[in-house]
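Read off the chains here:
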Amino acid sequence: MTDSDPNDGTEDPVPTDDSAGETARELDHEWPVVDSVTEYETGWFDAGYDRVTQPDGSEKDYYWAELPAAVVVVARTDDSIVMVDQYRPVIREQCLELPAGLVEDGESYSEAGARELREETGFDPAGVSLLEDFWCTTGALRHRRGIVFAEGLEPVGRDLDSNEFLTVTTVPIEDALDVARREPANDATIEGVLLARAEGLL
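The present account deals with the structure reproduced in this document. (Residues numbered from 1 in each chain as written. Predicted model: local features only at pLDDT ≥ 70, side-chain atom pairs only at ≥ 80, totals over all residues. Heavy atoms only, no water.)

### So, helix H3 (residues 187-198)
Relative to the 16 Å expected for twelve residues at 1.5 Å per residue, H3 spans 16 Å between its end C-alpha atoms, a close match to the ideal helical length. Three or more residues of H3 are buried, namely Ala188, Thr189, Gly192, Val193 and Ala196. Buried residues of H3 fall within an arc of 130° about the axis and therefore sit on the same side. For H3, the secondary structure elements touched by its buried residues are strand E5 (70-77), strand E6 (80-88), strand E7 (93-97), strand E9 (123-135), strand E11 (144-155) and helix H2 (176-181). With a side-chain oxygen lying 3.2 Å from the backbone nitrogen of Ala188, the N-terminal cap of H3 falls on Asn186. Count one or two residues on from H3 and you reach Gly200, which has phi positive near 75°. (Helix = DSSP H or I, 4+ residues; strand = E, 2+ residues; numbered from the N terminus. Expected span 1.5 Å × (residues − 1). Buried < 20%, exposed > 50% of the residue type's maximum accessible area, 1.4 Å probe, protein only. Arc of directions from axis to C-beta. Contact = heavy atoms within 4.5 Å. Polar contact = N/O pair within 3.5 Å; in protein donor to acceptor, adjacent residues only side chain to side chain.)

### Quick notes on the environment of Glu66
With respect to the element layout, Glu66 can be found in strand E4 (residues 59-66). Given the relative accessible area of 27%, Glu66 is considered partly exposed.

### Quick notes on unusual backbone geometry
Glycine aside, negative phi is the norm for most residues, and most peptide bonds take the trans geometry. That bond from Glu183 to Pro184 is cis: its omega, 0°, falls within 30 degrees of zero. Within the element layout of this structure, Pro184 appears in the loop between H2 and H3. Of note, the phi angle at Arg92 is positive, near 60°, even though the residue is not glycine. Considering the arrangement of structural elements, one finds Arg92 in the loop between E6 and E7. Under the relative-accessibility criterion, Arg92 is labelled exposed at 67%. A positive phi is found at Thr137, a non-glycine position, where the angle reads about 45°. Within the secondary structure layout, Thr137 lies in the loop between E9 and strand E10 (141-142).

Here is the structure:
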């Protein structure tokens with residue numbers, strides 16, 4: 001776990017495409033990219049495919065969608081954690097989740113987490129710690145996620161985006177995992193609660 005002032009982006013920079021592979025395992029085989037095609041571009045994500053030569057010499061198209069990095073915030077206040085209740089049009093479900101959002105250009109995970117927490121919940125954290133960052137859905141996405149822990153919360157007022165219609169609630173720490181696992185469960189909330197518990201923070 002990396003301790004960080006949310007106003008200091010030096011502790012937990014978001015890996016770039018190049019730096020993300022610095023500690024990667026060695027390949028058993030070469031996987032040459034014959035061609036890379038972006039077929040779809042939006043303000044939200046890009047999508048396309050890489051034509052790759054496989055270890056047996058055959059070629060195959062591997063499709064991908066590329067999204068900016070995201071941050072998920074486990075925010076503790078006394079003996080509870082902060083969650084947001086919102087409708088998710090993509091899956092057509094009302095979801096109880098940890099606060100989360102995209103990392104903006106130049107932000108660290110800690111900075112992004114502090115900003116998203118303020119905007120969505122109206123709480124300003126005194127400290128933010130990076131618990132983990134990792135690739136998500138590696139069979140289809142080029143997308144990294146950071147999980148951060150926030151504490152020392154002070155109410156400051158919310159600043160919601162035009163597409164954010166959510167309410168803020170708190171869940172007792174002892175119930176957090178059970179609540180996270182209730183349908184419609186989502187990966188980011190379960191991951192955040194489990195990682196914070198593993199670090200002894202919940």
